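A closer look at the structure
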Amino acid sequence: MKVYIVYDSEGGHTEALAQAIAEGSRGVEGAEVYLRHINDADVYELPDMDAIIWGCPGHFGTISSGLKAWIDKLGYLWAQGKLIDKVGAVFCTTATTHGGVESTMLNLITPMLHQGMMIVGLPGNIPANALYGSYYGVGVTCPVEGSELLTQQGLELGMALGERVAQVARKFTKEQ
Ligand SMILES: Cc1cc2nc3c(=O)[nH]c(=O)nc-3n(C[C@H](O)[C@H](O)[C@H](O)COP(=O)(O)O)c2cc1C
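Residues numbered from 1 in each chain as written. Predicted model: local features only at pLDDT ≥ 70, side-chain atom pairs only at ≥ 80, totals over all residues. Heavy atoms only, no water.

In this section: the environment of E10. Among the structural elements, E10 can be located in the loop between strand 1 (2-7) and helix 1 (13-26). Through-space distance from the C-alpha of E10 to that of C56 is 9.3 Å; in sequence the pair is 46 residues apart. (Helix = DSSP H or I, 4+ residues; strand = E, 2+ residues; numbered from the N terminus.)

Right under this line is the structure:
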């Protein structure tokens, strides 16, 4: 099954999270993972995918303009219903804990629902999530004074999301 991960990132934090998600997906048997920065991501690759995960830095509590501009290229695919029933999930990073992690993720989910996609979050039975995660996807706080791009917790959560999305997509592709 094919998993497409597309992200915006200026300072590398969201890119590091995207890489963790990709690593998590790659651990699932049969997963082919496509990891793309928005500058290299082609919307016409999406119809061939089983799962699509997109993410960005939170900008003023919502989607960064870079990723939003990319999402706004999906009109033709929407008109043709090309993304209906694809598994979807979202991620983001912000600089501060209450700087809009959840609002950004909810905003990232909205266009997926317009496309007819099936949203996968992270449930509480994933230990990393129950302790320090979120149910809407993966949102990681990356303080600007931090020495690392992504915390160990962020890495674990990213891998958990990637694994879960690939597992769910695998179930659907098996049953077809
Ligand atoms: C225009 C702009 C708006 C931002 N707005 C917020 C915000 O509302 N809340 C927050 O916590 N961080 C905000 N940030 C910080 C980024 O979300 C944060 O540094 C993020 O981890 C950067 O990801 P990147 O390294 O992948 O670019 C903003 C940054 C920029 C450039």
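Let us now look at the pattern of salt bridges. Enumeration according to the criterion identifies four salt bridges in this entry. Here D48 makes a salt bridge to K2, at a shortest N to O gap of 2.7 Å. With D48 in the loop between strand 2 (32-37) and strand 3 (51-57) and K2 in strand 1, this residue pair connects regions lying 46 residues apart in the sequence. Between K68 and D72 there is a salt bridge, and its shortest N-O distance comes to 2.9 Å. Residue class for K68 comes out partly exposed when judged on its relative accessible area of 35%. Using a relative accessible area of 51% as the deciding quantity, one classes D72 as exposed. (Salt bridge = Lys/Arg side-chain N within 4 Å of Asp/Glu carboxyl O. Buried < 20%, exposed > 50% of the residue type's maximum accessible area, 1.4 Å probe, protein only.)

Attention now moves to a nonpolar patch on the surface. A cluster of nonpolar side chains, contributed by L106, Y135 and Y136, occupies part of the molecular surface with about 300 Å² of accessible area. Within the secondary structure, Y136 sits in the loop between helix 5 (127-132) and strand 6 (138-141). Here Y136 falls in the partly exposed class, since its relative accessible area comes to 31%. (Patch = residues over 30% accessible without salt bridge, like charges linked within 9 Å, V, L, I, M, F, W, Y side chains within 5 Å. Areas by Shrake-Rupley, 256 points an atom, 1.4 Å probe, with all protein chains shown as cover.)

Turning our attention to the state of the cysteines. Structurally, a disulfide amounts to a covalent bond that connects the sulfur atoms of two cysteines. All chains considered together, the criterion is met by zero disulfides. No disulfide involves C92; its sulfur sits 6.4 Å from that of C56, the nearest cysteine. Cysteine C142 is unpaired, with the sulfur of C92 as its nearest cysteine sulfur at 9.1 Å. (Disulfide = S-S within 2.5 Å.)

This brings us to the pairing of strand 2. Strand direction decides the pairing type here: strand 1 and strand 2, joined by six bridges, are parallel. Following the sheet pairing, K2 is matched in strand 2 by E32. Considered for its hand, the β-α-β crossover made up of strand 1, helix 1 and strand 2 is right-handed. (Pairing = 2+ DSSP bridges. Right-handed = clockwise from strand over helix to strand, strands pointing away.)

To continue, consider the site of the ligand. Around the ligand, a shell composed of 16 residues is seen, among which S9, H13, T14, G58 and T93 lie nearest. Residue E10 places a main-chain N or O atom 2.8 Å away from an oxygen atom belonging to the ligand. For the ligand, an oxygen atom lies 2.7 Å from a polar atom in the backbone of G58. Its free accessible area being 650 Å², the ligand has 76% of it covered by the protein chains. Listed by contribution, the elements that provide at least two residues to the shell around the ligand are helix 1 and strand 4 (87-94). Across the shell around the ligand, the residue classes tally to three nonpolar, 12 polar and one charged. (Near = heavy atom within 4 Å. Polar contact = N/O pair within 3.5 Å; in protein donor to acceptor, adjacent residues only side chain to side chain. Nonpolar A, V, L, I, M, F, W, Y, C, P; charged D, E, K, R; others polar.)

What follows is about the side chain of Q115. Looking at the element boundaries, Q115 is found in the loop between helix 4 (101-114) and strand 5 (118-119). Q115 gets classed as buried once you look at its relative accessible area, which sits at 8%. From its side chain, Q115 meets the backbone oxygen of L74 in a polar contact 3.5 Å long. The residues touching Q115, leaving out its near neighbours within four places in the chain, are L74, L77, W78, L83 and I84. (Contact = heavy atoms within 4.5 Å.)

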